[in-house]
Each structure stands twice: as C-alpha cells, then as structure tokens.
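Each chain, letter by letter, is given below.
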Amino acid sequence: MSEPVFQARGLTKTYHMGEAEVHALRGVDLAIGAGEFIVLLGPSGSGKSTLLNILGGLDVPSAGDVRFLDHQLTGADEAELTRFRREHVGFVFQFYNLIPSLTARENVALVTDIAAAPMPADEALGWVGLAERLDHFPSQLSGGEQQRVAIARAIAKRPQVLLCDEPTGALDYETGKLVLEVIAKINAELGTTAMVITHNAAISGMADRVLRLGNGRIVGEEKPARKLSPAEISW
Amino acid sequence: MVKALDRKLLRDLWSLKTQVVSIALVIACGIGGFIGSLSTHSSLLWSRQNYYDTARFAHVFATAKRAPASLEAKLREIPGVAEAETRVVRDAQLSLPDVVPPMIARLIGFDFAHPPGMNRLTLKSGRWPARGAKGEVVVNQRFFEARGLNLGQAMRVLLNGRLEQLTLVGTALSPEYIYATRGGAMPDDEWFAVLWIDERALAAAFNMEGAFNSVLLRLQHGASSETAVAALDRLLEPYGGFGALGRDDQASDKILAQEINQQKVFGTVLPAIFLLVAAFILNVVLHRQVNAQRGEIAALKALGYDDRAIAWHYLKFASVIVLLGVALGLWLGHWLGTALTGLYTDFFHFPEFYYRLEPWLALVATGAALAAAALGALAAIRGVVRLRAAEALRPPAPAEFRPLLIERLGYAELLTPAQRMIMRNLERKPLRAAITVVGVAASVAILIAGVFWGDAIEWFMDVQFSQVQRAQVSVGFAEAVPRGALHDLSRLPGVKQVEVQRAVPVRLRAGHRSYRTALSGLEDGARLQRVLDAQLREAQLVPGAVLLTARLAERLGVAPGDTLEAELLEGNRIKTVLRVGGTVDEMVGSNAWMRLEDLNRVAREGALVSGAGLLVDRAAERSLLERLKEMPAAAVVIVTRTLVETFRETSAQNVLFFTAVLSAFAATIAVGVVYNNARIQLAERAWELASLRVLGFTRAEVSVLLLGELALEIALAIPLGFVAGYWLAALLIAFMPHDVLEFPLVIYPATYLLAGAVVAAAGVLSALIVRNRIDNLDLVGVLKTRE
C-alpha cells in the first residue's frame, strides 16, 4: 500500500436513540492508501455511512482515533472539521444535494469560491461531461446530470479524497454507469483517493480494495485480481 | 383514530412551540390592545356617569353679571327643570409664598352647613370650613397636588381690590372641575385653583348680597337641554347673562369627552392591524406545515381519513394557537385596561375607581381573532384538501428557479453566488417575501402611529406659542377698559411691546343652531396674536365681517357670505347681524375674529380693550409680575413659558407610557413576523444549508444566506413602514374627535428613527435565535433524507 491518507484505530460510534443505544461502529481499524479506490459493501445498518461520515469530518467517533495525513481528526472542533472538509474532502451523495436556486456552474462555483487552488468551474464540469449544460438549473437537469454536477462540485477543489455515499442509488443503470465512469476517471487521472459506499456488489469489480462491513465491524477485505473498468461491469 | 391524530396535533404544536408562542403573542397584543383600550373607554364612561350621578352634576350652567335672589323662583319654573341652584362665582388673583407668576383662583360661594343639592363636593383631605370661621377655604385636589401644598397653607387672594389672607383647611373633588382650566384646552393645574369659600363672605367681598351670578340647573328625565338653555338665557338677559351652556359644552366635560373618545380610536384601528398581521403569519405557518407534511397527509388519506378530517386537523392547529393568543390577550387586555383606567382615574381625580370588562368585548375579540385565523388558515387548508394521495407521496420536484432580471440584462457578474441565491429565493416566492415585508412594515407603522402624538403635540405647542399666541405675558382685565390702559402697561418694568385686544362673550345663531363663544377683536397688523390656518398661513380679517374657525362655521352651518345673528353678552348687549367674511382652518378652538375697530363699533361702547399681550425683557420679568399682581384691573395674568413647561412635563409622562407599550407591541409583531419567516425558511432550506456545511461552508457563511434574505426584507420593510406609518397616523387623526382640537399630522425624524430601530432590533433578535438553530444543523441526518 502507498502512504496512507486515512489511518483509523479502534473507531467506535454509539448513538443514543431515546433510551436505546445503537452501536453503529464497534472498533474499526483501517488504513487507506493515497490513490486507492475503495468500495465499502454491507447491509443497511452495518456502519458504512457512519464510517464515511467520520472519515469525512461530518461526524466524530465516540471512541478511537482517526488521522488524515498529519491532521488529527479525533478531538478536532467544529471549525477545524469545517476547514478539513473545505480543503481536503469531496462528497457525493445519493440525492446530489445541489442548491436548486443555483445553476450547474454556480453550484460548482460555490466550492471554487472558497477553495485554495481549485480548478475552474467550467473545467470541473468538462470533466464530468457537462460542458454544454453550464447554465442549467437543477430542475432542468436529469438525475444523472445532477449527480455529475455534484461530482464536479466535489472534485473542483482538487480534494485528496472523494467520498461517495450511494452515488448511483437514485439512478438508472445507464446513468449509474456513466457516473461510475466519472468517478473512476477522476481516481485514475487525478489520483484522488476514492471511497464509494454501495449496496451494489457488482461495483466491487472496479475497486482496488473492497471492505465488507457488518454489525459495525470490518468483516472482510478483498483485493480483486484485476481492476475492471466501469464498462466491463454490469448488474 | 381521532385520538392518534390529536396526538399528532399536540406533537406538531410542541415541536413548533417557539413559533406557536410568537404567533400567539402577536394575537395577544392585538386582543390586549383592543380590550385594554375599549374596556378603558367603557370604564371611563361608566366612571364618569357614576360620578356625575352620585355628585348630582348639573345639566345646564349659566353665568350673569348680577341677578337678584328673587329670580330663583322663576328659574325653577322653567319647563323641564327639576332643581335650580344659584351661587356667586368670581375669579381673582391668587398668590402663594415663593411663586412669582400670578395664579388665578376661582372662588365659589358655598354653604358648608347646607351643601347644595348638585355639583356635590367629595372631601379628599382635611375638613370643611368651620361655621363662622373667617377665611377658611377648601381647594380642588388637582391644584393642591400640582403645587404640593399642605393643609393649613396660607394664601393671598385679591378680593375686589383688597388682599385677603385665606387658610386652606381641606381638599375636594368636584364634577364641575374634573378638568380645571382657565378656559383653554390644556390642563392648567399649577396656575388655576378652585376655592370653595363661605358664600356670605364671598358675597360680602363683592357686594353680591341678595344676588347671584352663577346658575346650575338639573333637568327632569328626558327634558331638552336646548329648551332650558334658551329659557335661562331669556331670564338672565336683563341681568347681564353671559349665555347658558348645556353639559356638552361645559369646559371640563368637553375635554373629558375628547380624552375618552381618543381611547376608542386607539382601541379599534391599531388592534385591527395587529389581528391582520397575526392572520398573515398564521397563513404562512400553516402553508409551511402542510407542505412539510405532504407525506403524512398522503399516508392519512391512504389510511382512509377524508379531506374534512384532515382539514379539521389543521384548523384545530390554527385554533389552538389562536385560543392561546386569546387567553393571553384577555389577560393582557384586562391588565392594560385596569392600569389605564387607574391612570385616568388618578388623572381625572374620579373619587372612585370603576373598572369593568364587558363580556361582549371579550366575545368580539375572540370572534375577530378566530375569524382572522380562519381566514389565514383557509388558503393552506384548501391546499390540503386538493392534494391527491399519490401526488403527495412523491417527493416534490426540485424547485424551479430562473436567472434574475439583473442577470437577464447581462449584469450577472455584479452578484456573488450567495447574493444570487438570496435574490433568486426572493424572486421565486415573492408573495411570502411580500408578506414578511408587509408584516414588518405594519409593525413599523403601528409604532409610528402610536408615538407620533408626542411630536404632534410638541409641534402644536411650538406653533401655538411661537407663531399664534406670541405674547410672553398675557393680561386679562376683569372688565373692558378704555384703550388708555395701554399706557399703564407699557410703563411697567421690562415691557417691550404691548398689543391690545378685546374679547366679548357672544352667542352666535344661524337658523336653529347657536353657539356661545367669544368675539375677539384684533388690532390691524397684530403680531402677538395671529390667526393661522393648519398650514400656518395667516388669515386676513375682512373689514366689517367676522372670520370663523372652520369647525365653528360647520357647527353653525354657515359659509362665507352668509349672515349670523350675534348677541353680545356684556355691556350694551347689542343684538346684531354679522356677515361671515371667511373661515379659517384653525387647529384649536371655535373662535370668531373681527378687527378691533369693527368689534368696538358693533358693541357701541367706544374704544375699549379687555386684554393685552406683552413682549417683555426676561431679566425684568419678576418685577413685572410683582407689579401686575398689585394691579386690580389685571384679573388674569398668564406667563406663556410656565404654561408650556407644565404642559410638557405632563405630556412627556403620557407619551413615554404609550411609547413603551407600543414599542413592546411593535417589537412583538416584528419578532413574530421575522422569527416565523426565518424558521420556515430554515425548515425548508435546512437540507440545502446543511449540504453547504458539508461542502465546507462555515456557520457564518451559511447563516448569511438565510439571514441575508431576512435582512433584505427588513431593509425593504422599514422605509415602506415609514410611509405606511404616515398614512396610518393620518387615518387615526381623521377618526379622532376634533370638536376642540385638530391634531396636526407632524412626525419628527426621531420618531421614524425610533420605529426603524425598534423593528431592526427585533429583527436582529429573531436572527440570533434562528442563528443558533443554523449552527446546530444536523449534517449527517440531512444527507440521508430528501425533503
């Protein structure tokens, strides 16, 4: 493995839902190398999203330790986590989370305005194949197009890591593949570390490494013999 | 089934508790203001009635020069008269140790052993004068308090040219002097005392034994006051009658009535606006609730709830808020009404405190609030009923936006993305933005309309005493004197300018209408007393004709060119016909003006004057006033400066109270509007704002997006509120009784500033509360759900 970007040890996350305690993570150790393409698989409630949120600085662990390069994320305050997200992390979500009142270009510009050395918004949209639809509002774009705008928004800041939570969950087959191609291309050509949560086992074929989660623990780890291109997989 | 839905209702209410409370508070302010003002109004009417009844206040009043006691039997024979009383009343100069400006005492002859059957006195402190004790008097409570006197106090009065020492032994209230003024429209308590003194002593001092100069009549139930006034005038005519008055024209009652009627205007116009704003907010909140609960509504419909049950559910939601507001409002109204009635009871010196909240007021207020809420809720509920289950189950499509006008015109680069989001949101929901703007503007307007009275009064005082009555000291003679008296005055110390005038009591008649006032004669080119209209334009006296205050002309039903019968009520008691030369829209009073020369010609008494205005040297003022006190002819001396100072002190307190109450109300409305709008916005955009936070936006950056929109709306609303406030003030003035005084529509910049600042502060407060919520957005939760 190349030099790790994320290193986590004994990550635990417990939620209190009324009187019940939910153990979302029960001691996770992991190391993610720079430029790796990681797929996180597992049933609902296995802790995938919690792990991704903690790595992305959206949530804090109840116990354990997590580092991003030389940043200690454990114990960081809200302002430090905000800065961490702003500088280093690109997020892609199942529901795109675009701002409806801004056009595609402006949604990307939201990030380029606050990032240190971003790529131009037009270039980011060019990467995802939307150079022609810069001035469209979300309501004028298809679901796949909206997700590609979200990806363009995520990569425009040139993040070290791209964290995708069910990026194809709301998309049809063809559109989903198109989105995966974009993520793979970014991972390959920009060297961005990518972590993708999915229910779709077929996507595992694209990964450098597949982590299986179950009941808040990493229950399995596989390295596909050959990394497939999105065109080669189907489901 | 219903029980579960009601549980949902309670939980919805609980989760929106801050919003619920803020809306309920707006409603409470509306109802509180409504009930507070109107119950004060009816309590004051009731207090006055009770007082007038128990004190057996007279129905008709008349004064004459000197009428024989034998006339009394004839007075009782006037048709409709139940009782008649006669007495001696004289005004005289009064001095207290250490008070330089002269004061006026109205001396009323009183038989303390056998008190009269009407205008009964209520002893507040001390005792009645002892039988046979010389120089003991009872004073009116208002003067006693205004001057901070003590029982046993000695005072000197100029009785028919002789200085007499009187001793204060008690204080009393009289229905005749609830408002004690020397005839003006302003409280005059520091400078005008009413003294009740043994009737024989007073009669002896003024050579009035076996005679009287004041008549009081009480009428039989249903008897006409006009008939009695006319008959009394006829009887007193040979004895120098000054014209009888019905109770409505009695000085104290007239001002009291004006004060009481003002309450009614405050109690109806302002609360109506409060209720309207509450309806606005309720409408928006319900809309939001319905939109946020599309899924739940669909599920309820799928489960078999019919439209009516669901609509009823939301109507109940609105009703709970309204009823909470009503309950609070009733309490607030009762509190405010009790406090205001107490204030006025003290101010008017009613002997007893009566407060009552009539049930119909509470019913009307509750009904109005429910109707306003139903109106507000209706639109939202219509939306619920229309929603199809399947349609409601689908998530709403992304909201549609389009480039702003400014961008379509090609100036897109002028705006940052944040500004664009703000502007596009405003453009996309113009109605909601408009409601916020209107609501905030309404609170600004209410504040201006409530507080501008202070400005109007201040301006009025300023104009009245710097442009209309410009004399620094006014002297009134007991009797009209030859013009030569002018020289006496101009020789007094410090007198720089003297300007004489004459006022003759007169009854003016036009057809069946009549009015008793004074016919005032001004010298040509008079500068110390001028006749100005509401726009401060000087009215020209028409030679040989009379110039009437517009409200008097209206009351008499005459226009320029018409004629009037004038009956002068002193001297030769000339009856003549006068031509109305013009009318002038004066702010105060019901005056009739003529050139002095013309007046004297009409009166056929030669060149007489009855008073003078003086410009004086401030340094010599003290010695001038000392000298004036010694002049028997100068019966009334008024120092403008002291009058204005007293007035400012009293009015400042009232203005402060109203400013405080209305500021609290306006701030409540502003918070209600701004806070609710912010909460709705936050709920609708939480997902969007949380997404931005995930992308690395700081709390401050995210807050700007939401609060920037509010700031923009408030910034739009405040100037709009200024304009609305101006017109609301004009509306209030139009509703106000104007038989004595026409309030000028004057609003000083400081009032606008205050209104803007209070509302802006309320906006900031709301923003801070909401800001706290923005800071605590659930970043993780928001990503998993799609609103």
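About the cut-offs
- Residues numbered from 1 in each chain as written.
- Chains lettered and ligands numbered in written order.
- Predicted model: local features only at pLDDT ≥ 70, side-chain atom pairs only at ≥ 80, totals over all residues.
- Helix = DSSP H or I, 4+ residues; strand = E, 2+ residues; numbered from the N terminus.
- Rg over C-alpha atoms; globule rule 2.2 N^0.38 Å.
- Buried ≥ 20, exposed ≤ 12 C-beta atoms within 10 Å, placed from the backbone.
- Contact = placed C-beta atoms within 7 Å.
- Nonpolar A, V, L, I, M, F, W, Y, C, P; charged D, E, K, R; others polar.
- Pairing = 2+ DSSP bridges.
- Axes fitted to C-alpha atoms, helices over the stretch in contact; angles between N-to-C directions.
- Domains from an automatic or database assignment.
- Expected span 1.5 Å × (residues − 1).

Focus: the overall build of chain A
The helix and strand inventory of chain A stands at 6 helices and 10 strands. Against the 2.2 N^0.38 benchmark of 18 Å for 235 residues, chain A shows a C-alpha radius of gyration of 17 Å, consistent with a compact globule. The proportion of buried residues among the 235 residues of chain A is 49%.

Observations concerning the interface of chain B and chain A
Interfaces are often sized by the amount of accessible area the parts lose when they come together. Taken together, the contacts link 22 residues of chain B with 23 residues of chain A. For the side of chain B that touches chain A, the secondary-structure elements that each account for two or more residues are α13 (417-428), α19 (640-694) and α22 (779-784) of chain B. Counting residues per element, the side of chain B that touches chain A draws most heavily on α13(B), at 5 residues. Counted by class, the side of chain B that touches chain A contains 13 nonpolar, 4 polar and 5 charged residues.

Looking at the sheet that holds strand β10 (residues 217-222) of chain A
Residue and element names in this part refer to chain A. With respect to topology, 6 strands assemble into an open sheet ordered β6-β7-β8-β3-β9-β10, the strand pairing being mixed. In the strand order of this sheet, the two ends are held by β6 (89-92) and β10, each with one partner. Adjacent strand axes in the sheet meet at a mean angle of 20 degrees when their direction is disregarded. Inspection of the sheet shows strand β7 (residues 161-165) paired to strand β8 (residues 193-198) by 5 bridges, in the parallel sense. Opposite Val161, over in β8, you have Thr193 as the bridge partner.

Examining the pairing of strand β3 (residues 37-41) of chain A
Residues and elements named next belong to chain A. Most of β3 sits inside the fold, with 5 of its 5 residues counted as buried. By the alternation rule, side chains of β3 split into Phe37, Val39 and Leu41 and Ile38 and Leu40, which are all buried. Of the pairings in the sheet, the one linking β3 to β8 comprises 5 bridges and is parallel in character. Paired with Leu40 across the strands is Ile197, a residue of β8. Of the strand pairs in this sheet, β3 and strand β9 (residues 209-214) are connected by 4 bridges, and their pairing is parallel. Bridge pairing links Val39 to Val210 in β9.

Some points on the environment of Arg9(A)
Residues and elements named next belong to chain A. Within the secondary structure, Arg9 is located in strand β1 (residues 4-17). Under the C-beta neighbour-count criterion, Arg9 is labelled partly exposed, with 14 such atoms within 10 Å. Distance from Arg9 to Tyr96, taken between C-alpha atoms, is 31 Å for residues 87 residues apart in sequence. Those residues in contact with Arg9 that sit more than four places away from it in its chain are Asp29, Gly64 and Asp65.

Some thoughts on the domain arrangement of chain B
Residues and elements named next belong to chain B. When cut into domains, chain B gives domain 1 (59-254), domain 2 (429-467 + 642-787) and domain 3 (495-616). If you average the C-alpha positions of domain 1 and of domain 3, the two centres end up 28 Å apart. Between domain 1 and domain 3, the contact holds 7 residues from the first and 6 residues from the second.

Brief notes about unusual backbone geometry
Residue and element names in this part refer to chain B. Here Arg56, not a glycine, exhibits a phi torsion of approximately 50 degrees, which is positive. When you line up the elements, Arg56 lands in the loop between α2 (17-54) and β1 (60-68). A residue is classified by how many C-beta atoms lie within 10 Å of it, and Arg56, with 15 of them, is partly exposed. A positive phi angle, near 50 degrees, is found at Arg604, a position not held by glycine. Along the polypeptide, Arg604 turns up in the loop between α17 (596-603) and β19 (608-616).

Describing the sheet that holds strand β10 (residues 211-219) of chain B
All names here are of chain B. Taken in spatial order, the 4 strands of this open sheet run β2-β10-β1-β11, and their pairing is antiparallel. Single-partner strands in this sheet number two, and they are β2 (81-87) and β11 (245-246). Note that β1 and β11 share 2 bridges and pair antiparallel. The residue of β11 that forms the bridge with Val60 is Gly246. This element, helix α6 (residues 225-236), spans β1, β2, β10 and β11 of the sheet and lies at about 10 degrees to β1.

Things to note about helix α9 (residues 307-348) of chain B
Under the 1.5 Å per step criterion, the end-to-end length of α9(B) is 58 Å for 42 residues, consistent within 8% with the ideal 62 Å. Just downstream of α9(B) lies His349(B), where phi reads positive at about 60 degrees.

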